[in-house]
Amino acid sequence: MTTPMTTLTAATRTKVLQRQGAAVALVLMVAVSWLVFPRFGSLDNLRDLALQGSFLAVIALGMTFVIITGGIDLSVGSLYALGGVLAAWGSQYGFLVALALPLLVCGLIGLINGLLIARTNMAPFIVTLASLLFARGLLLAITDEGANTYQIPPDSAFVELGRGTVFGFGYPIFIAAVLCVLGGMILNRTSFGQNVFAAGGAEQSAILMGVPVAKTKILVYTMSGTLAGLAGALTAAYLQSGVTVIGVGTELDAISVVVIGGTLLTGGMGTVLGTVIGVGLIKVIQNVINQIGTLDSNYQSVVSGVFLLVVVVLQRILRR
Amino acid sequence: MPTDPVIEVAGVTKTFAGVRALDDVDFTLNRGEIHALVGENGAGKSTLIKVLTGIHTPDAGRITRKGHISTIYQEVNLVPLMSVAANLFLGREPRNRLGLIDRARRSADAAELLTGYGITADVSSPLGTLAVGEQQMVALARAVEADADVVIMDEPTSSLEPREVETLLEVVRKLHEAGIAIIYVSHRMDELYRICDTVTVLRDGRSVHSGPLKELPRIELVSLMLGRSVNEIQKHGTTAFGEDHYAGREPVLEATGLTSKPRINAVNVAIRPGEVVGLAGLLGSGRTETAKAIIGALPLDDGTVLVAGKPVPHNVKAATKAGISMLAEDRKTEGIIPNLSVRENIVLAALPRLSRFGVISRARQDRIVDTFITRLRIKVSSPEQKVAELSGGNQQKVLLARWLCTEPKILLLDEPTRGIDVGAKAEVQALIDELAREGLAVLLISSELDELLDGADRLIVLRDGAVAGELEGAQLTREHVLGAIAAEVMDDADSN
Ligand SMILES: Nc1ncnc2c1ncn2[C@@H]1O[C@H](COP(=O)(O)OP(=O)(O)OP(=O)(O)O)[C@@H](O)[C@H]1O
Ligand SMILES: [Mg+2]
């Protein structure tokens, strides 16, 4: 039995810690790394860091929407890889095909995810687990068990999309930034965004309030699939080939950065900015561990895992 | 009144997994009327409403609607994590020139709108941080603002304080003046007679009466709802408390000097086994707080609680162990576990008592559950039915049964009959009485004066968080109580 007063302060506390907790950690991490590792602050390193983060940010953007509706999308890792392969294969037919093909196919798989989840009330976990397997299988089938790696012609315009730069900063960084700003606006400044919050916060109430919950869910999973495909296409353009082995476990990376960014895993609350900060945090940790050199790169996962646990435990405690 | 139907229902039937919730129901709502929809818990009122608004598809029958319908459902239907302003304008957000949501205007509009309903809370805070009554008012504001032709309210007052009820009735009157038709569901006879023109009575899913309300005597309305003759009801009366039975025993509960600034100040409460002590007072006089202080749910500045002469540490766990149980006022949002069965929900708190060496006797469970289902007239298809499928009032009866079957020594009841229909109300009162006869000490809080006068052996009157007087025996009359509280109570009290 909590009085309104105490729940209010708890809520404010939660808000501050969720919104600013990750940000504070990021600032601290950056400051310390800057001082301790001379190479960390070099422009080259920062550019590289941002570029690496941009691919994950695009995937995590879609995941943020999905998680706010109270769902989960396990298929994005596979769709990321599939998107890359489709883009590489499509690049022989020109820029447009290379870009559109992964978006369409991955978007379609996302749409099917959404339809199954919204219309048949199946658990998102199961549905997207099935598409994780499906997309990975499809990928292996069209690449001869992964033996066949499609290369993108180096003179193709599509390569420019992944490798072009402005002041040395790669195009994917700008693409991810624009998408995240758009995503934040959609979430907070459009009816669709409000519906996303309502669907995840209290589904039954949202239905009674006239929110098109099913439609919202379908759209959110379509978006997540499409964004994963786009991230794949950008990665392929950057690597100049459709690498078949990437994306294994990427869905878990995406989920962790979203949660570290303060989005409630149970739905109804979250921000795009938090997700971006979460991406930054994970990438800085990775970068630092690489700089230490003597440290096994597997410690990246150890540190990210600990971080995730701390955040989720904090969310639990603060929600009480 | 000329008939100009905005909603017409003919022969509607709706069945849930074998339960016939609506059976060949006819219902007509005319333009501009306030139409009361009444019936026992589980009679089918909420189901009829959900059929009208299209949430449920009827199995058979015809529905004609003209114009836009706006509904406040029985369960508070808002999103707790979203801000108050976002909830208020969800689906019709004010936009700027770019077509984006204008958040500043949304907040300003929300704040302005809510002041009209007596709510001054920060509109940017999550809705869930508001008190249940305030949330209900936000739901009301939302429904009313959606420029509707018909507004449906399913038990809008069941979680409101008397003052908020007045605000709500005022809103209803304004809607009425604006020519909006209203369907009003409530178990509070007073409200119905004050505002409604017409009444439709549902019983076991059938519409058994429809007509003007004013000409229908109260007792006849009750008899239509319960399906019993007027004579029978007169014989039993509408409250069912019996005689006193606590002859000269030592108090089992002694709470002294309970102080929690600024809400309560040096409140003393002593209850003997078998005694029912009532707490009377205005809204905000500290009744609920006193009960919470006794069970250890309110931080205390000062005060002690003794059970059978032994001090009880000030926390809920220790209090429960010492034999104190409390039925909270806002139980609508607390305690029900929707996906468990009725049986499981009832025995939940009593499990430790029912088990021997960790083994729980199913036969004993069934016996207890059956007793409560019959005594409280809980309408279920079987004890194994999920609680989520019960009507709102029946869910409350399940919670009441849960606390009653823990066999506490001291039972704190905060508005035990709220949201419960007239028939079951008498049953609940009779049960409280019977438990008291078996030696239970009861603290009874009720905003219905009659319930207090009939039920309590002694009344403690609170004013501004302090004891303003104690009434006993011949002093237990309306006049004495009203005198002790304040003149304003006259409005809130239930009159016959
Ligand atoms: N989703 C459901 N599944 C199964 N049974 C249901 C469902 N909804 C309602 N019922 C049953 O239909 C009957 C009518 O319920 P309804 O909620 O309409 O009652 P009510 O008149 O609104 O009662 P109250 O005064 O308690 O709110 C009850 O027996 C209830 O158990
Ligand atoms: Mg109901």
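Small disclaimer: the values here were computed from a predicted structure and weren't measured.

Scanning chain A from terminus to terminus reveals 13 helices and two strands. Its C-alpha radius of gyration of 20 Å places chain A within 12% of the 20 Å reference for a compact globule of 320 residues. Along the first, second and third principal axes, the C-alpha set of chain A runs to 65 × 50 × 30 Å. Of all 320 residues assigned to chain A, the portion counted as buried reaches 51%. Put simply, chain A shows about 14,200 Å² of open surface, and 69% of that area lies on carbon and sulfur atoms.

With that settled, the discussion passes to the interface of chain A and chain B. At the interface, 26 residues of chain A touch 31 residues of chain B. Counting the surface lost from both chain A and chain B, the interface buries some 2,400 Å², and carbon and sulfur atoms represent 65% of this. Our enumeration of links across chain A and chain B arrives at zero salt bridges. For the interface between chain A and chain B, the tally reads seven residue pairs in polar contact (both at pLDDT 80 or more). For the side of chain A that touches chain B, the secondary-structure elements that each account for two or more residues are helix H1 (4-36), helix H7 (171-189), helix H8 (191-201) and helix H9 (203-208) of chain A. A per-class count over the side of chain A that touches chain B returns 13 nonpolar, 11 polar and two charged.

What follows is about the confidence of the model for chain B. Residue and element names in this part refer to chain B. With 92% of its residues at a pLDDT of 70 or more, chain B has an overall mean of 83. Counted against residues more than four places away or in other chains, residues 487-496, with its pLDDT under 50, gives 20 contacts. Interface confidence in the predicted complex, given as ipTM, is 0.82; pTM for the same model is 0.76.

Moving on: the site of ligand 1. Residue and element names in this part refer to chain B. Around ligand 1, the surrounding shell holds 20 residues, and the nearest of these are Lys45, Ser46, Thr47, Ser391 and Gly393. A distance of 2.8 Å is found between an oxygen atom of ligand 1 and a backbone nitrogen or oxygen belonging to Gly42. Residue Ser46 places a side-chain N or O atom 2.7 Å away from an oxygen atom belonging to ligand 1. Contact with the protein chains removes 89% of the 640 Å² of surface that ligand 1 exposes when unbound. For the shell around ligand 1, the elements supplying multiple residues, two or more each, are strand S2 (19-30), helix H1 (45-52) and helix H14 (392-404). Grouping the constituent residues of the shell around ligand 1 by class yields five nonpolar, 11 polar and four charged.

Thresholds applied
- Residues numbered from 1 in each chain as written.
- Chains lettered and ligands numbered in written order.
- Predicted model: local features only at pLDDT ≥ 70, side-chain atom pairs only at ≥ 80, totals over all residues.
- Heavy atoms only, no water.
- Helix = DSSP H or I, 4+ residues; strand = E, 2+ residues; numbered from the N terminus.
- Rg over C-alpha atoms; globule rule 2.2 N^0.38 Å.
- Buried < 20%, exposed > 50% of the residue type's maximum accessible area, 1.4 Å probe, protein only.
- Areas by Shrake-Rupley, 256 points an atom, 1.4 Å probe, with all protein chains shown as cover.
- Contact = heavy atoms within 4.5 Å.
- Buried area = accessible area lost by both parts, 1.4 Å probe.
- Salt bridge = Lys/Arg side-chain N within 4 Å of Asp/Glu carboxyl O.
- Polar contact = N/O pair within 3.5 Å; in protein donor to acceptor, adjacent residues only side chain to side chain.
- Nonpolar A, V, L, I, M, F, W, Y, C, P; charged D, E, K, R; others polar.
- pLDDT = per-residue confidence, 0-100.
- Near = heavy atom within 4 Å.

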